Amino acid sequence: MDYAIETSGLSKEFITPRIIYRAIAHPFTKQKTILAVNNITISIRKGELFCLVGPNGSGKTTFLKILSCLILPTRGNAVVFGYDILKKEDKVKAAIGLIIGDERSFYWRLTLRQNLSFFAALYNLNPLQSKKIIKELSCLLEIEDMLERSFQECSTGIKQRLAIARGLLGDPQILFMDEPVKSLDALLRRELNIFIKDKLIKERGKTVILITHNLKEAEQLADRIAIMQKGEILACGTLAELRAKINNPIGSLEEAYSKIIVD
Amino acid sequence: MVYLSKVTAFIRKEFLIQSSYWMAFIFSWLGILISAATFYFISKLLNSENMISVKAYGAGYFPYVLIGIAFSGYFSTAMHTFSGNIRSEQITGTLEAMLVTPTRLSTIIISLSLWDFIFTSINAVIYLFFGAVFFKVDFTQMNIIASLLILTLTVISLSGIGIISASFIIVFKKGDPVSWLVTISSGFFSGVFFPVEVLPKYLRVFSYFLPLTYSLKGLRHAILQGYSIGMLLPEIAVLFAFCIILTPLSIKIFGYALRCAKISGSLTHY
Ligand SMILES: Nc1ncnc2c1ncn2[C@@H]1O[C@H](COP(=O)(O)OP(=O)(O)OP(=O)(O)O)[C@@H](O)[C@H]1O
Ligand SMILES: [Mg+2]
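Residues numbered from 1 in each chain as written. Chains lettered and ligands numbered in written order. Predicted model: local features only at pLDDT ≥ 70, side-chain atom pairs only at ≥ 80, totals over all residues. Heavy atoms only, no water.

Caption draft 1: Spatial organisation of the overall build of chain B. Within chain B, the secondary structure is distributed over 11 helices and zero strands. Along chain B, helices (α) and strands (β) appear in the sequence α-α-α-α-α-α-α-α-α-α-α when read from the amino end. Computed over the C-alpha atoms, the radius of gyration of chain B is 20 Å, within 12% of the 18 Å expected from 2.2 N^0.38 for a compact globule of 270 residues. Projected onto its principal axes, the C-alpha positions of chain B cover 60 × 40 × 35 Å. Of the contacts formed within chain B by residues at least 6 apart in sequence, a portion of 77% connects residues at least 24 apart. Surface summary for chain B: the accessible area is close to 12,500 Å², and the carbon and sulfur share equals 74%. Across chain B, the mean location of the 17 positive side-chain charges is 5 Å away from that of the 9 negative side-chain charges. (Helix = DSSP H or I, 4+ residues; strand = E, 2+ residues; numbered from the N terminus. Rg over C-alpha atoms; globule rule 2.2 N^0.38 Å. Contact = heavy atoms within 4.5 Å. Areas by Shrake-Rupley, 256 points an atom, 1.4 Å probe, with all protein chains shown as cover. Lys, Arg positive; Asp, Glu negative; His and termini not counted. Charge placed at Lys NZ, Arg CZ, Asp CG, Glu CD.)

The following block contains the structure:
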């Protein structure tokens, strides 16, 4: 098992409006099919930092949600950490952590610590383990002074750090990050990127799939980068490989991105 | 073990949130006192000597209606807790965060509702307590084991309907016909405020299809007259039948709804 993730022909079609609605509410609207993820076959190695970039609506989030068992694919299949996403949902979920840049998804009236302990229990941690990991993660993300504050009092940056801490509670082997640092300040962004690279990948051998709109960051961090458009992966490889693709050995990712997307 | 600690985490979380709104507790208990008092004074206007169907329970109208309103709370809780909690967790976005943990949606739904059932039980006890202390209702006959058995069967069978209603919420997000239909009909047909025997025959038919009818009948006999499990066998059997039909049916419908939502990618939409 050398691969953390292997997908084969993974596709997702959304049908809107949904059939049940159409019969009742929109009998005259034509049904539309959106091909959000189109025939993706890739393998991501263990310990790799894999960046997914692409314009809005290119299917990046949908791809991650399929791998997280939140959406069923229309065709194809995927194996996450050795487990089939269609058959071993519980095992897949125990192996992954999903971090979304959306910072609302906590209990606003509870403190940060209460929020984290609640989710820790859902990751099957007992109170002792939960206490230990909350301490560790809050140090790491520099929120230990905020733990007793209620969530509603915190700034967006703190909320986002809490979301990152939550994704790490279960000590997952694979991390899915969907624009996790969207509202962090430049300094903290850099620290967090270093944390991902040094602590998660190098020290602990985790695999990270990172969705970002920041091409500079992707260029610096990623082992490999996939450029998505309209549900398809147009190009995938190391920076050098992408440069070769546009015949410019010193070009930036931004250049490669704009050339590949336009073509 | 793991399951238990998850369930406790849910109850703890809900308790922490709800108790941060402590004013609401005080008002809800004040509300209980006022509603009990209202029915107490209404019952004074009534001459219970003439109420043959109420007298079947061995006491006057006030004890009769007190048990009706105290325990119909379980009914409204069961109808709303599953769908209501799912919807509110969808809106806050916490449902998605729970769903990517190794925790099944069925565990999430059931655990989320437990606090509501605990709170409903506290309220029911408070109703009875106020009834005994302020309005001198006699509960000395109560058969606790029989009451708890009926209550358990009631919660299980009503939860079946509640979970079916939550399935509609998962697919349609709003407006589920099940709880609407059952809620508007149950207050009227189940004998909460008046015995079903006073209804005209053609209306009484509906009451036979509602689990609450049998629950309230059984609970009144057990609490006010101390009927034993043997004496309550007809009610227990019917409630048990409701459980046997509704539980697998609700699991089936729920599984189907979950699949629909995963296909349309709307599990966390609202
Ligand atoms: N549940 C859904 N039902 C119907 N269409 C959907 C659903 N979810 C996503 N889509 C559509 O699928 C396409 C891909 O969406 P997705 O959110 O995966 O894009 P994205 O690459 O994450 O975009 P962004 O960079 O803006 O986050 C879009 O056209 C979107 O409108
Ligand atoms: Mg997205």
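Here the narrative resumes.
Caption draft 2: Just the site of ligand 1, in detail. Looking at ligand 1, there are 17 residues lining it, with Asn56(A), Gly57(A), Lys60(A), Thr61(A) and Thr62(A) nearest. Mapping the residues near ligand 1 onto chains gives chains A and B. Between ligand 1 and the protein, one listed contact pairs an oxygen atom with a side-chain N or O atom of His213(A) at 3.1 Å. Between ligand 1 and Ser264(B), the relevant distance is 3.1 Å, taken from a nitrogen atom to a main-chain nitrogen or oxygen of the residue. (Near = heavy atom within 4 Å. Polar contact = N/O pair within 3.5 Å; in protein donor to acceptor, adjacent residues only side chain to side chain.)

Caption draft 3: A look at the sheet that holds strand S11 (residues 232-237) of chain A. Residue and element names in this part refer to chain A. Spatially, the six strands line up as an open sheet ordered S7-S8-S9-S4-S10-S11, and their pairing is mixed. If you trace the sheet from one side to the other, it starts and ends with strand S7 (96-100) and S11, each paired once. Sheet twist, expressed as the mean angle between neighbouring strand axes with direction ignored, is 15 degrees. As paired elements, strand S4 (residues 49-53) and strand S10 (residues 224-229) share four bridges and run parallel to each other. When the bridges of S10 are listed, Leu-52 appears paired with Ala-226. Running at roughly 150 degrees to strand S8 (residues 174-178), helix H2 (residues 60-67) makes contact with S4, S8, strand S9 (207-211) and S10 of the sheet. Across the sheet, helix H6 (residues 156-168) is in contact with S7 and S8; its angle to S7 comes to roughly 170 degrees. (Pairing = 2+ DSSP bridges. Axes fitted to C-alpha atoms, helices over the stretch in contact; angles between N-to-C directions.)

Caption draft 4: Highlighting helix H8 (residues 177-189) of chain B. Residue and element names in this part refer to chain B. In this model H8 runs 18 Å from its N-terminal to its C-terminal C-alpha over 13 residues, within 8% of the 18 Å that 1.5 Å per residue would give. Residues Val-178, Ser-179, Val-182, Ser-185, Ser-186 and Phe-189 constitute the buried set of H8. Projected down its long axis, H8 shows its buried positions confined to an angular sector of 155 degrees, all on one face. Projecting away from the buried face of H8 at angles above 90 degrees are the exposed residues Trp-180 and Ile-184. The inward-facing, buried residues of H8 abut helix H4 (61-92), helix H7 (144-172), helix H9 (201-207) and helix H10 (211-225). Positive phi appears at Gly-191, one or two residues downstream of H8, with a value of about 80 degrees. (Expected span 1.5 Å × (residues − 1). Buried < 20%, exposed > 50% of the residue type's maximum accessible area, 1.4 Å probe, protein only. Arc of directions from axis to C-beta.)

Caption draft 5: Just the pairing of strand S5 (residues 75-80) of chain A, in detail. Residues and elements named next belong to chain A. For strand S1 (residues 3-16) and S5, the ladder comprises five bridges, and the chain directions are antiparallel. Counterpart to Glu-6 in the pairing with S5 is Val-79. With two bridges connecting them, S5 and strand S6 (residues 83-84) associate as antiparallel partners. Residue pairing in the sheet places Val-80 in a bridge with Tyr-83 of S6. The loop that links S5 with its antiparallel partner S6 comprises two residues; one of these, Phe-81, has a positive phi angle of about 50 degrees.

Caption draft 6: Representation of the confidence of the model for chain A in the model. When pLDDT is averaged along chain A, the result is 90; 94% of the residues meet or exceed 70. Across chain A, the element-wise mean pLDDT spans from 59 in helix H1 (residues 19-24) of chain A up to 97 in helix H4 (residues 112-122) of chain A. (pLDDT = per-residue confidence, 0-100.)

Caption draft 7: View of the confidence of the model for chain B. All names here are of chain B. Residues of chain B with pLDDT of at least 70 account for 99%, and the chain-wide mean is 90. The weakest mean pLDDT in chain B belongs to H8 at 77; the strongest belongs to H10 at 95. Taken over the whole predicted complex, pTM reads 0.89, whereas the ipTM for its chain interfaces reads 0.89.

Caption draft 8: Spatial organisation of the interface of chain B and chain A. Contacts between chain B and chain A engage 36 residues on the former and 31 residues on the latter. Taken over both partners, the interface formed by chain B and chain A buries close to 3,200 Å², and the fraction arising from carbon and sulfur atoms is 62%. Taken as a group, Val100(B), Pro102(B) and Lys262(B) account for 22% of the area that chain B buries against chain A, more than any other trio of residues on that side. Counting across the chain B and chain A interface gives three salt bridges. (Buried area = accessible area lost by both parts, 1.4 Å probe. Salt bridge = Lys/Arg side-chain N within 4 Å of Asp/Glu carboxyl O.)

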